Amino acid sequence: MHKKMAFSFPDEVLEHVFSFIQSDKDRNSVSLVCKSWYEIERWCRRKVFVGNCYAVSPRMVIKRFPEFRSIELKGKPHFADFNLVPDGWGGYVFPWIVEMAGAVPWLEEIKLKRMVVTDESLELIAKSFKNFKVLILSSCEGFSTDGLAAIAASCKNLKELDLRDCEVDDLSGHWLSHFPDTYTSLVALNISCLGSDEVSLSALERLVGRCTSLKTLRLNRAVPLDKVANILRRAPQLVEFGTGTYAAELRPDVYSDFAGAFSSCKELKSLSGFWDVVPDYLPAIYPVCSKLTSLNLSYATIQSPELIKLVSHCPNLQRLLVLDYIEDSGLEALASSCKDLQELRVFPSDPFGVEPNVSLTEQGLVAVSSGCPKLQSVLYFCRRMSNEALVTVAKNCPNFTRFRLCIIEPRTADYLTLEPLDVGFGAIVQYCKDLQRLSLSGLLTDRVFEYIGTYAKKLEMLSVAFAGDSDLGLHHVLSGCESLRKLEIRDCPFGDKALLANAAKLETMRSLWMSSCAVSFGACKLLAQKMPRLNVEVIDERGPPDSRPESCSVDKLYIYRTVAGSRFDMPPFVWTMEDDPSLQLS
Amino acid sequence: MSKPVEHDYIGLSEQPLPSMEKRSGDTNAEKSGLRLKDTELRLGLPGSESPEREDRDQNVLSLKSFVSGAKRGFSDALDGGGKWVFAGGSGGGSEGLFSPRRGGNNNEGNDLSGSDSGLKDGVAPKPLVVQEKKSQVAAGNGNTAPASKAQVVGWPPIRSFRKNTMASHPPKNDDNAEAKFGSGCLYVKVSMDGAPYLRKVDLKIYGGYKELSSALEKMFSCFTIGQCGSHGVSSRDGLSESRLKDLLHGSEYVLTYEDKDGDWMLVGDVPWEMFTNCCKRLRIMKSTEAIGLAPRAMEKCKNRT
C-alpha cells in the first residue's frame, strides 16, 4: 500500500538518493516522512551520532541502525573540562564496545568525547573490528599506553589515531613499536597529549618512514627539536604537523638541519605544538608560513614582537590559537595581515594573577573584529571589557557563529561606565543572527537574559557563570531560545520557579547543567515526577540529598532527556530522583 | 629503634554496624542516613596518634597486626606540627556515607541537620571558593609574589592540560615565573587499592597534610563502606560481604606518593611545599604493601639534607 504512495520507487533508488544525505539532522527528517522512508533510511545510515551516551542505550542504537560503520559518542558534561564533574561520574564506553563487538563487526570508526576509555575497551576494539580504521579520542581518560599497544598491534587497516587532549597513563614509550613492520596505512597520528615520558623515537621514525600516506602528525612535548628533522625528512608530504618541544641549543648546525627539513615540507597547512619556544628558532618556519591556514601557538610563551613577526608572514591564516602575550598590538598586526581569519582563540598566560601581566584588553578584540571580515568564531580571555567595545564588535561581525568571552574576574563591570555588560552582550545576540554558541562573563543582570531570549533564536549552546539576579533570567532563556540544546550554568541565583515553569522545554534540549545555583531538592524530585523522559541527576558529595531538608539547594544538577531510563553506573555521589528505590537495583 | 607501638588504624566499635541490622534491599533506609559513626576508616601514618583514639581504644573490635619498626615517626617533618591522620569523619552537613567526626582535628561541628554550610576548610557555599591562596615565594628569589585572591573551582574555565602544562614550565624570560606559575593548580591522580576508579585532587588548594588527608578520606570513605560499580551495577544497598570482611579484619591503608624520580614514598616525609612540588600522583595502598617504602624514604631524606 505505502509503495503506491511513494510512487513505486524501488527501495534501492531511495537508498541511493539517501546516500547523498550525510547530515544527521537531515537524515532524521527523512526518517520522519513515512514508515517506508524510516525503514529504508535506518538500514542505510552509516554514521551514527549520539550526543549524550546516556540518552539512548547501545542496544537501541544497534537495533535501529544495524549497518552503521561509524559512531560518535559524547559522555561527560562540558563543565567536566574545568573539573566541575567529580571523577567517577560516568561516561564509560565499555558497554558500548561490548554490544558493538557482537553486533557490528564491520565497524570502522569510533569517535569519543569526554568518555572514560579503559585499556580493556581498547583491547576489545582491537580484537573485534577487523576493518577498524579511525579512532578519535577527544578529552578522554582511563587508558594507558598498553591499550594503545593493542590497537597498534591488531588494527591492520588503521588510518587515524587521534588522542586530542586525552589523559593517558604513560607506561611505556614502546607502544609505537607494536605497529608491525608491514603496517603502512597510517594517515593521521596525534599523540600531542602524551606526557613527558619518552616516546621511542626510532620506532616513530620508522613508522613515519613507511607510512607514505601520512598527512597529519602531532608529536608530544617529549620529542626534542633536534630529532624532528629526521622525522620531517621522512614525511615531506605532511599537511598538518605538531612539533614537540621547540627548544634546542642554539647551534647553527642543529638550526640549519631543522630549517632544511622544514622547508622540504611543501604541503604544510597547519602547525601546532611549540612548547618551550626558543625565539631564535622561529624563523625556521617562515618558509612555510605563506601557506599556513591554521596555527596553534597556545603553548608558545613568546612575546608580542616575535608573534607579530610570525603572523605577518601568514597572510592566509584562517585559524589562530595564541596566548595573550600577543597583546593588543599583536592583534592589531593580525588584523592587518590576516584578512582570511575565521577563528581566533586567545588564552591567558597568567589566569590566576591578580594584576594583568600583559597589555591585552578589549582593544585587541575590537581591532580583529574590524580588520577581519570573515571572523566567525572567537574565544577571548581578558581582564576588562566595555559595552561600547562589545557593540562595536557585534556590528563589525554579524557573521559570528561562536562567541565566547571570558573576563577573568567574575562579575567585572564595564570598566568605562561601571555598568553591567548587558547591553554589550545584547548587541552581540541582536546583530549576530546566526549565533550558535555563546559564553557570558562579567557583571550581568537579568536584562542580558531578556536580550538573549528575545534575539538569540539560533542559539544552541549557552554558558553562564556568576550572572543574573533572579529566576526571571533563567526563564527568559528557557522560554525564548528556540534552538537551545545545551545550557550550562554555574554560580547564578536561579532557583526552582523558572525550572519548573519550563519543564517541558527541557525535553527539547540535550542537557541542562546547573551548579552552585539555588535549585532545591524538592524541585528536582517534582521535576523528575513530572517529566519521566528526563533523567534528573543530583551530584552532591555532601551525602544523600534527602538527609537535608527538601528546601536545601543541591550542589550540582544535571538534567538530560533520555529514552533509556535511569542509568545503572552512577557513583555514590550521584542521585536520581526515583521514588521507588527498588527501581535502582534493576 | 623504639618499642613497636600498636596502632588502631581502623576504629571499629563493639556495636554491630547499623547496616547489618537492615535488609540489604532496603535502600530507602540506606539513603536516609546510614549511621556509620562506628565504622571509621583510619589511615594513620606511623608514629602518629589520633587524638580521638584515646577514648576509643576500648571500643576497638579488632586491631590490624601492625608492621613494627619499619615505619618511622614523621610528625617532626610536618608543616606546622600537629598530627596527620587519615581519619574517619567529615565536616558538618555530611551524612550517610560519611561518618561524622567526634571532636578531633578539624574544626567543623557535628551539625548534620542539613544546613548549607556543609563545606569545610574555608569554603563558602556559593560560590565554591576554595581557599585563600598563599603567596608563593620564588626559591632563592627575594621577591614575593603579590598576594592573590581566593581561587574559585573551575574558574577561569581553562582545561587541566593547559593549566598543568603552563604551570610546570614557566616562561624562561620571566623573573617572577616561579611565583606566577607556582600558583594555579596542580591536579594529581589519587588511586586507592580496591577502588574502581581514580580521583583527582588539586594539591594547591590544601594548606597542609591535614587538609589533604581529610579531603581524601571524604572522597574515599565511600569505597570502604559503600559499593561502587564501574561498568556494572552500582548498588547502594549497604556493605557487601567482602567489604565487610576487609573492615573487620582491619585492613589498614597508608598514603603514598610518587615523586618526580618515579619513586614511591610515604606521604608526610617532607615539608608540605616540597611535597606539592615533587608529588606526581598519590596512592592509598594497603600498608602490607607499603613495608618496603620506609627504608627508601629514609635514604632519600638523608640524601636531600
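How each quantity is defined
Residues numbered from 1 in each chain as written. Chains lettered and ligands numbered in written order. Predicted model: local features only at pLDDT ≥ 70, side-chain atom pairs only at ≥ 80, totals over all residues. Heavy atoms only, no water. Pairing = 2+ DSSP bridges. Helix = DSSP H or I, 4+ residues; strand = E, 2+ residues; numbered from the N terminus. Axes fitted to C-alpha atoms, helices over the stretch in contact; angles between N-to-C directions. Salt bridge = Lys/Arg side-chain N within 4 Å of Asp/Glu carboxyl O. UniProt positions renumbered as here; feature names shortened; annotations may be inferred. Buried < 20%, exposed > 50% of the residue type's maximum accessible area, 1.4 Å probe, protein only.

S.K.: Just to check I follow, could you spell out the sheet that holds strand E6 (residues 199–202) of chain B for this structure?
M.R.: Strands pair in a sheet through their backbones, by hydrogen bonds, and they do so in one of two ways: parallel or antiparallel. Residue and element names in this part refer to chain B. Here five strands make up an open sheet; going across it, the order is E6-E5-E9-E7-E8 and the pairing mixed. What marks the edges here is a single partner per strand, and that holds for E6 and strand E8 (264–266). Sheet twist, expressed as the mean angle between neighbouring strand axes with direction ignored, is 30°.

S.K.: Explanation requested: the pattern of salt bridges in the structure shown.
M.R.: It is possible for side chains of opposite charge to pair when their charged atoms get near one another. Residue and element names in this part refer to chain A. Within this structure, the stated rule accounts for 38 salt bridges over all chains. Where Arg 234 meets Glu 205, a salt bridge forms, and the shortest distance between an N and an O atom there is 3.5 Å. Taken together, the residues span a long stretch of sequence, with Arg 234 in helix H10 (residues 225–234) and Glu 205 in helix H9 (residues 201–210) at a distance of 29 residues. With its nearest N and O atoms 3.1 Å apart, the salt bridge here joins Glu 343 to Arg 319. One end of the pair, Glu 343, is in strand E14 (residues 343–347); the other, Arg 319, is in strand E13 (residues 319–323), with 24 residues separating them in the sequence.

S.K.: How should the UniProt feature "domain: F-box" (unreviewed entry) in chain A be read in this particular structure?
M.R.: Within the UniProt annotation, "domain: F-box" (unreviewed entry) is assigned to residues 9–50 of chain A. In residues 9–50 of chain A, the share of helix is 60% and the share of strand is 10%. The end C-alpha atoms are 31 Å apart.

S.K.: Sorry, what's going on with the pairing of strand E22 (residues 556–561) of chain A here?
M.R.: For a regular strand, the rule is simple: side chains alternate between the two faces of the sheet. Residues and elements named next belong to chain A. Within E22, five of the six residues are buried, leaving the element largely enclosed by the surrounding structure. As judged from the five bridges shared by strand E20 (residues 511–515) and E22, these two strands associate in the antiparallel manner. In the sheet register, Ser 515 faces E22, and the bridge partner there is Lys 556. Direction of pairing for strand E21 (residues 534–539) relative to E22: antiparallel, over a ladder of six bridges. Paired with Val 536 across the bridge in E22 is Ile 559.

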